[in-house]
Amino acid sequence: MNRRVVVTGLGICAPNGVGLTNFYNSLLHGANGIIYHQELADLGFGCQIAGKPEISERLKETYFTPLQLRGLNSSGLVYGVMAGTDAWMDAGLCKANKEEPDWDSGILFGTGILGIDKLRESIYLIDSNNSRRLGSNSVMQTMASGISAYLGGILGCGNQVTTNSSACATGTEAVIMGAERIRTGKAKRMLVGSCNDSGPYVWGGFDAMRILPSAYNLEPGKASRPMSASASGFVPGSGAGALVLESMDSALGRGATIYAEVLGGAINSGGQRGVGSMTAPNSEAVQRCILEALSDAGVHRSEVDVINGHLTATSKDSEEIRNWSEALKRSGKDFPYINSIKGIVGHCLAAAGSIECVAALLQYREGLIFGNRNCEDIHPGILELVNASRIPLKTTPYQPKIMAKASFGFGDVNACVIFKEYK
Amino acid sequence: MDANDERLARLKEIVETYLPEDVSIEAVEADSNFITELNINSAHLVDIVLDLEDAFGVRLENEDMDKMLTVRDALSIIDQKLQNKN
């Protein structure tokens, strides 16, 4: 069985926009979503800027019941529930009735760590011999699968409801795994995506590794510089992205709007061998992942016309471009258009892949390629491989046909998904 | 309002948050069983206990919670705790 899979719904909770309309408008104009956080400065962080979705209490009340809101202290969960619920509604789907779940719909929603603020709150109570005061909600807000569990209950999904985790590849991996389940006929619809908490307890470890930029605290809008010669590290972000994947038959049967087709994808690891390590990718594995994704999708490398890269704004960006160029055997003006929205939202970690997939798919709907912010000074190593015209600085009209989106994560893990225009 | 009525009113206020959407606050009576009649999720009984502790300044032990099946049970346990306290 090899059923065709399409995307019928999108939802987003990103540092540069909560909800599809805000997110789209911000991307269209390259509006910055990264700001200075006094809290990080007070805590003595080197990098005092970050990307964080702004959510009012009032907005939360439209997604959570008063009971769910009591003691809710898990930012990733909030972002994920909002993006996931929005994607479901965007697809024109309803919550299952009270009595019976929707057996054909499942959830595969990833995260890095969930509810770290709730965990901190709980640890303080436990350490003061007060574990009895934890109440009933500390477990569900801090278990990794809390996000899929909340969404599963809100929507009433009766198929597989689970959570994946593969560091910064999580979101893209979720799309591939969810599509696989529909392809093989095990589900008709899968809500896929990922979320990431915000705040110092998530970002601190990266600051300690000195891989975040510390020279842009007064100019947050210039800090995240994918593909730039002056890139000096990734800006930490957070949020959630969500996609409704659906079998083509199901989507056509109910007259759903189709954003694009998911042709296929691949997931692999460099095994932390060769040049690969816990934190650095094995280029051979990256190239294999890209080629396996194309093969899975039945697409020739010459057909890819748009790439949404991982491109985090570190010294590794040139290496990523080299990997794309070598895998696709394309360079100069023949290289596909490539972009990274991290210049606007920062690196949303486990949420990055899904947030960026949502952005990539909006490009189909709108017939354009979002511009790359902060890479007026393209890295010379990249210009050796790719003509500057392939790296649009401003949003450019263009109807994408075959799009490749890749994400890479700590642990030397890779994920690459291939989308196709649906006409 | 006498002390008992006042306590019942406060307890109802606490319980209201935990009621399923299809159970109204009017359904809460002295003899209502929290789980079998008001359909409160058993996991939330611990939250109700914590809320009662905060509201009445008492401490409820596991045994108290085991005995707390109905609204009346809850009120009598609180009553007893308050008396012991004074």
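Enquirer: Is there a simple way to explain the overall build of chain B in this structure?
Expert: What chain B contains, in helices and strands, is four helices and zero strands. If you list the helices and strands of chain B from N to C, you get α-α-α-α. For a compact globule of 86 residues, the expected C-alpha radius of gyration is about 12 Å, and chain B comes in at 12 Å, within 12% of that figure. Projected onto its principal axes, the C-alpha positions of chain B cover 40 × 30 × 20 Å.

Enquirer: Sorry if this is basic, but what is going on with the overall build of chain A here?
Expert: Scanning chain A for helices and strands turns up 16 helices and 15 strands. Its C-alpha atoms give chain A a radius of gyration of 20 Å, within 12% of the compact-globule value 22 Å for 423 residues. Counting only C-alpha atoms, chain A reaches 60 × 55 × 40 Å along its principal axes. A separation threshold of at least 6 residues defines the contact pool for chain A, and within that pool the share at least 24 residues apart is 81%.

Enquirer: Help me out: how do you make sense of the interface of chain B and chain A in this one?
Expert: Where interface size is given, it is often the accessible area lost as the parts come together that is meant. On the side of chain A, six residues touch chain B, which itself brings seven residues to the contact. Across the side of chain B that touches chain A, the residue classes tally to four nonpolar, two polar and one charged.

Enquirer: I tried to follow the packing of helix H5 (residues 75–90) of chain A against helix H8 (residues 146–155) of chain A on my own but got confused; where do I start?
Expert: Two quantities define a packed helix pair, namely the angle between the axes and the distance from one axis to the other. All names here are of chain A. Where H5 meets H8, the axes come as close as 9 Å, and the angle between the chain directions of the two elements is 40 degrees. Classified by the angle their axes make, H5 and H8 are oblique. At the point where H5 passes H8, the crossing takes the right-handed sense. For the pair H5 and H8, the contacting residues are Gly 76, Leu 77, Gly 80, Val 81, Gly 84, Thr 85 and Trp 88 in the first and Gly 146, Ile 147, Tyr 150, Leu 151, Ile 154 and Leu 155 in the second. A breakdown of the residues in the contact of H5 with H8 according to their chemical character gives eight nonpolar, five polar and no charged.

Enquirer: Looking at this structure, I do not really get the nonpolar core. What am I missing?
Expert: When a protein is soluble and globular, its nonpolar side chains tend to lie buried together. Among the nonpolar cores identified, the biggest contains 108 residues, and A:Leu191, A:Leu243, A:Leu245, A:Val262, A:Ile290, A:Ala293 and A:Leu361 are the most heavily contacted of them. When near neighbours in sequence (up to four residues on either side) are disregarded, A:Leu361 contacts A:Val7, A:Leu10, A:Tyr259, A:Ala260 and A:Phe419.

Enquirer: Explain the environment of A:Thr85 to me, please; I cannot follow it from the model alone.
Expert: All names here are of chain A. Within the fold, Thr 85 resides in helix H5. Sequence spacing of Thr 85 and Leu 191 is 106 residues, and the spatial spacing of their C-alpha atoms is 9.2 Å. Each residue touching Thr 85, except ones within four places of it in the same chain, is listed here: Gly 11, Tyr 63 and Ile 154.

Enquirer: Teacher, can you tell me more about the packing of helix H1 (residues 3–16) of chain B against helix H2 (residues 45–56) of chain B here?
Expert: All names here are of chain B. One way to put it is that H1 packs onto H2 with a least axis distance of 10 Å and a crossing angle of 140 degrees. It follows from the interaxial angle that H1 and H2 lie oblique. Crossing of H1 over H2 shows right-handed handedness. Here H1 contributes Arg 10, Ile 14 and Val 15 to the contact with H2, which in turn contributes Ile 48, Asp 51, Leu 52 and Ala 55. Here the residues of the contact of H1 with H2 sort into five nonpolar, no polar and two charged.

Enquirer: I would appreciate a short explanation of the confidence of the model for chain B in the present structure.
Expert: When pLDDT drops low, the exact placement of atoms in the prediction is not to be read closely. Residues and elements named next belong to chain B. Averaged over chain B, the pLDDT score is 92; the fraction of residues at 70 or greater is 99%. Put simply, H1 is where chain B has its lowest mean pLDDT, 90, and H2 is where it has its highest, 94. The complex model carries a pTM of 0.96, and its ipTM stands at 0.87.

Enquirer: Got a minute to help me understand the domain arrangement of chain A in this structure?
Expert: All names here are of chain A. Domain assignment breaks chain A into domain 1 (5–253) and domain 2 (266–420). Residue contributions to the side of domain 1 that touches domain 2 peak at seven residues, all from helix H9 (residues 170–183). Looking at the side of domain 1 that touches domain 2 residue by residue, the classes come out as 28 nonpolar, 25 polar and three charged.

Enquirer: Teacher, can you tell me more about the pairing of strand E8 (residues 239–247) of chain A here?
Expert: Regular strands show a simple pattern: their side chains alternate between the two faces of the sheet. Residues and elements named next belong to chain A. In terms of residue burial, E8 counts as a mostly covered element, since nine of its nine residues are buried. Along E8, one buried face is formed by Gly 239, Gly 241, Leu 243, Leu 245 and Ser 247 and the opposite face, lined by Ala 240, Ala 242, Val 244 and Glu 246, is buried too. Where strand E1 (residues 5–14) lies against E8, eight bridges are found, and the strand directions are antiparallel. The residue of E8 that forms the bridge with Ile 12 is Gly 241.

Reading the values: the criteria
Residues numbered from 1 in each chain as written. Chains lettered and ligands numbered in written order. Predicted model: local features only at pLDDT ≥ 70, side-chain atom pairs only at ≥ 80, totals over all residues. Helix = DSSP H or I, 4+ residues; strand = E, 2+ residues; numbered from the N terminus. Rg over C-alpha atoms; globule rule 2.2 N^0.38 Å. Contact = placed C-beta atoms within 7 Å. Nonpolar A, V, L, I, M, F, W, Y, C, P; charged D, E, K, R; others polar. Axes fitted to C-alpha atoms, helices over the stretch in contact; angles between N-to-C directions. Parallel < 35°, antiparallel > 145°, perpendicular 65-115°, else oblique. Left-handed = near helix turned anticlockwise from the far one by under 90°. Core = buried A, V, L, I, M, F, W, Y, C linked by C-beta atoms within 7 Å. Buried ≥ 20, exposed ≤ 12 C-beta atoms within 10 Å, placed from the backbone. pLDDT = per-residue confidence, 0-100. Domains from an automatic or database assignment. Pairing = 2+ DSSP bridges.

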